[in-house]
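Architecture and fold: a report
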Protein chains: 2
Amino acid sequence: MKDRNNIPKATIERLPLYYRCLDKMETFDDVEVVSSKELGGKLGIPSTQVRKDLSYYGEFGRRGVGYDVISLKRSIGKILGVNKIWPAVLIGAGNLGRALVNYEGFAKMGLEIVSVLDADLGKIENKIGMITVKSMKELNDVVKRSNIKIGIITVPVNAAQEVANQLVEVGVKSIWNFAPIRIFVPEQVSVRNEDLAVGIVSLIYHLSWENRAQS
Amino acid sequence: MKDRNNIPKATIERLPLYYRCLDKMETFDDVEVVSSKELGGKLGIPSTQVRKDLSYYGEFGRRGVGYDVISLKRSIGKILGVNKIWPAVLIGAGNLGRALVNYEGFAKMGLEIVSVLDADLGKIENKIGMITVKSMKELNDVVKRSNIKIGIITVPVNAAQEVANQLVEVGVKSIWNFAPIRIFVPEQVSVRNEDLAVGIVSLIYHLSWENRAQS
């Protein structure tokens, strides 16, 4: 691998896109080999760019054959750091929080929710799988004890910013926010705002045009 | 708008990407105006391509100023069909199903979950918000009565394909699958396989390199 400082920022930002796309190909489509054209096509990235991006990190594909999906995914996974386990704390023991704790797909991305906290006294001591819900007062202890860098927010909209502030205060570096509202954090903390609704758009588009074509 | 048959398929497939990106800008980033370069940059699409794609549907931006985020989003929304209400049936009244029924962000995408079914007799008659969980035996009635075209699957992995088959059988045209497994449907039905785990990848990547840089 070349010196990381010489790799363009845009290339680095495309790696998670490649990883996610390869993961979907493996999990949902049973695809074994993919060309740079096919991979780029799914992401709106020219095949020349795909080949150039990957070439910064080594030789992955075979000319005229393509990339082995599983092995390319594994290689990019190492570069991304998802080959390790990252412990996370989840705040908000509602339905979505419970669903995420029980979700089977996180381990393959290196994520392990090790603790669930809630401000609602009625939810404390509830069990979610093997995890006992704790009070928000335990946040600092929990984060320090397990060296947690990732916080997941599944609280209602009006509580999300306050929870983010508390996560930042105890030293969490990455926040995955499922509350449908923008949250503000200091520059050294990264945030991903997840919106569960965006997935439906392409399905509705197809439906919509089918209906118009029929009428 | 030009004749839709003359619009390239690749352009049509990029519209949902633009829509989702504009929606995020409006919801999370409070951005009011965006250039084709900024919009393309977030999606890995060249600005020339963004301008060309949008030009098929009309004149949206102002040269040297950019696009008004809300108005461009609304225009693309109309093209996509998300300005109407699409009723949906959800199968699987577990935590994820409950979370999706209660999720606040679907209305803006035109999605309304009007019915929840489950094969588990213990869950039938349970209330999720205003909705009463019904037996799978009611599937055909429910779909016909509300003219439902969209089915959402939140059942365990081992039940997902069977549920998909039942949805197809009663005439559902679009399936949004949250079970982390590939499902097979006839060609005239569209499927979106949602993977909640992919969102974490970019966060872990940043964390991972921060840690390596420090050590």
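Residues numbered from 1 in each chain as written. Chains lettered and ligands numbered in written order. Predicted model: local features only at pLDDT ≥ 70, side-chain atom pairs only at ≥ 80, totals over all residues. Heavy atoms only, no water.

1. A few points about the interface of chain A and chain B
- The partner chain B presents 72 residues to the 72 residues of chain A that form the contact.
- Between chain A and chain B, a total of about 6,600 Å² is buried, with carbon and sulfur atoms accounting for 67% of that surface.
- At the junction of chain A with chain B, the criterion picks out zero salt bridges.
- Along the contact surface separating chain A from chain B lie two residue pairs in polar contact (both at pLDDT 80 or more). (Contact = heavy atoms within 4.5 Å. Buried area = accessible area lost by both parts, 1.4 Å probe. Salt bridge = Lys/Arg side-chain N within 4 Å of Asp/Glu carboxyl O. Polar contact = N/O pair within 3.5 Å; in protein donor to acceptor, adjacent residues only side chain to side chain.)

2. Examining the domain arrangement of chain A
- On domain assignment, one finds that chain A holds domain 1 (4–79) and domain 2 (86–198).
- Measuring from the centre of the C-alpha atoms in domain 1 of chain A to the corresponding centre in domain 2 of chain A gives 30 Å. (Domains from an automatic or database assignment.)

3. Quick word on the packing of aromatic side chains
- Applying the stated rule across the entire model yields six aromatic pairs over all chains.
- Between the aromatic rings of B:Phe106 and B:Trp176, the centroid separation amounts to 5.7 Å while the plane-to-plane angle is 70°, which identifies the pairing as edge-to-face. Within this pair, whereas B:Phe106 is found in the loop between helix H5 (95–102) and strand E4 (111–118), its partner B:Trp176 is found in strand E9 (residues 174–177), the two being separated by 70 residues in sequence. Grouping residues by exposure puts B:Phe106 and B:Trp176 together as buried.
- Three or more aromatic residues link up through ring pairs in this structure, and these residues are A:Tyr103, A:Phe106, A:Trp176 and A:Phe178. (Phe/Tyr/Trp six-rings, centres within 6.5 Å; stacked < 30°, edge-to-face > 60°. Helix = DSSP H or I, 4+ residues; strand = E, 2+ residues; numbered from the N terminus. Buried < 20%, exposed > 50% of the residue type's maximum accessible area, 1.4 Å probe, protein only.)

4. Description of the relation of the copies chain A and chain B
- Placing chain A over chain B gives an RMSD of 0.0 Å and needs a rotation angle of 180°, together with 0.0 Å of translation along the axis. Look at the turn and shift together and you get a two-fold axis relating the two. The position closest to the rotation axis in chain A is occupied by the C-alpha of A:Asn95, lying 2.5 Å away.
- Interface overlap between copies is the fraction of interface residues in one copy that are interface residues in the other; for chain A against chain B it reaches 100%, indicating a shared surface. (Least-squares fit on C-alpha atoms with pLDDT ≥ 70 in both.)

5. Digging into the sheet that holds strand E7 (residues 134–135) of chain B
Residues and elements named next belong to chain B.
- Read across the sheet, six strands follow the order E7-E4-E3-E8-E9-E10 without closing on themselves; strand pairing throughout is parallel. The sheet is open, and its two borders are formed by E7 and strand E10 (190–193), each paired with just one other strand.
- On top of the sheet, helix H7 (residues 157–169) reaches strand E3 (86–91), strand E8 (150–153) and E9; it is set at about 170° to E8, its chief contact. (Pairing = 2+ DSSP bridges. Axes fitted to C-alpha atoms, helices over the stretch in contact; angles between N-to-C directions.)

6. A word on helix H1 (residues 9–29) of chain A
Residue and element names in this part refer to chain A.
- For H1, which comprises 21 residues, the first-to-last C-alpha distance of 30 Å matches the rise-based estimate of 30 Å (1.5 Å per residue) to within 8%.
- Residues Thr 11, Ile 12, Arg 14, Leu 15, Pro 16, Tyr 18, Tyr 19, Cys 21, Leu 22, Asp 23, Met 25 and Phe 28 constitute the buried set of H1.
- With its phi angle positive at about 55°, Asp 30 sits one or two positions after the end of H1. (Expected span 1.5 Å × (residues − 1).)

7. Describing the pattern of salt bridges
All names here are of chain A.
- The final tally for this structure, using the stated rule, is ten salt bridges over all chains.
- Between Glu 26 and Lys 73 there is a salt bridge, and its shortest N-O distance comes to 2.9 Å. Highlighted residues: Glu 26 in helix H1 and Lys 73 in helix H4 (residues 69–80), separated in sequence by 47 residues.
- Judged by its relative accessible area of 29%, Glu 26 is partly exposed.
- If you follow the salt bridges from partner to partner, you end up with Asp 23, Glu 26, Lys 73 and Lys 108 in one network.

8. Structural notes on the pairing of strand E4 (residues 111–118) of chain A
All names here are of chain A.
- Among the eight residues in E4, six count as buried, and that is most of the element.
- As paired elements, strand E3 (residues 86–91) and E4 share six bridges and run parallel to each other. Looking at E4, one finds that Trp 86 is bridged to Leu 111.
- Taken together, E3, helix H5 (residues 95–102) and E4 constitute a β-α-β crossover, and its handedness is right-handed.
- In this sheet, strand E7 (residues 134–135) lies alongside E4 in parallel orientation, the contact comprising two bridges. (Right-handed = clockwise from strand over helix to strand, strands pointing away.)

9. Some thoughts on the nonpolar core
- Among the nonpolar cores identified, the biggest contains 108 residues, and A:Leu39, A:Ile152, B:Leu39 and B:Ile152 are the most heavily contacted of them.
- Sequence-distant contacts of A:Leu39, that is, excluding residues within four places in its chain, are made with A:Tyr18, A:Cys21, A:Leu22, A:Met25, A:Val34, A:Val50 and A:Leu72. (Core = buried A, V, L, I, M, F, W, Y, C linked by side-chain atoms within 4.5 Å.)

10. A closer look at the side chain of A:Lys73
- Classification of A:Lys73 by relative accessible area gives buried; the value is 12%.
- When near neighbours in sequence (up to four residues on either side) are disregarded, A:Lys73 contacts A:Tyr19, A:Leu22, A:Asp23 and A:Glu26.

11. Examining unusual backbone geometry
- Although it is not a glycine, A:Glu125 sits at a positive phi angle of roughly 80°.
- Although it is not a glycine, B:Asn147 adopts a positive phi angle of roughly 50°.
- Considering the arrangement of structural elements, one finds B:Asn147 in the loop between helix H6 (139–145) and E8.

12. Quick look at the sheet that holds E3(A)
- Pairing in this open sheet of six strands is parallel, and the strands run E7-E4-E3-E8-E9-E10 (chain A) from one edge to the other. This sheet does not close on itself; its edge strands, each paired only once, are E7 and strand E10 (190–193) of chain A.

13. Here's the deal with the side chain of B:Glu194
- For B:Glu194, the position within the fold is in the loop between E10 and helix H8 (201–214).
- Residue B:Glu194 is classed as buried on the basis of its relative accessible area, which comes to 13%.
- A polar contact of 2.7 Å, which involves the side chain of B:Glu194, links it to the side chain of B:Arg192.
- Look past the residues within four positions of B:Glu194 in its chain and what remains in contact with it is A:Phe28, A:Tyr103, A:Gly199, B:Trp176, B:Asn177 and B:Phe178.

14. Here's the deal with helix H3 (residues 47–55) of chain A
Residue and element names in this part refer to chain A.
- Among all positions of H3, only Val 50, Asp 53 and Leu 54 are buried. Summarising the axial view, the buried residues of H3 lie within an arc of 90°, below the 170-degree limit, and thus occupy one face.
- In this fold, the buried residues of H3 make contact with H1, helix H2 (36–43), strand E2 (67–68) and H4. (Arc of directions from axis to C-beta.)

15. Describing the environment of A:Leu90
All names here are of chain A.
- Inspection of the secondary structure puts Leu 90 in strand E3.
- Among the residues examined, Leu 90 registers a relative accessible area of 0% and is labelled buried.
- Between the C-alpha atoms of Leu 90 and Val 116, which are 26 residues apart in sequence, the distance is 4.8 Å.
- If near-sequence neighbours (up to four positions away) are discounted, Leu 90 is found in contact with Gly 97, Leu 100, Val 101, Ile 113, Ser 115, Val 116, Leu 117, Ile 152 and Thr 154.

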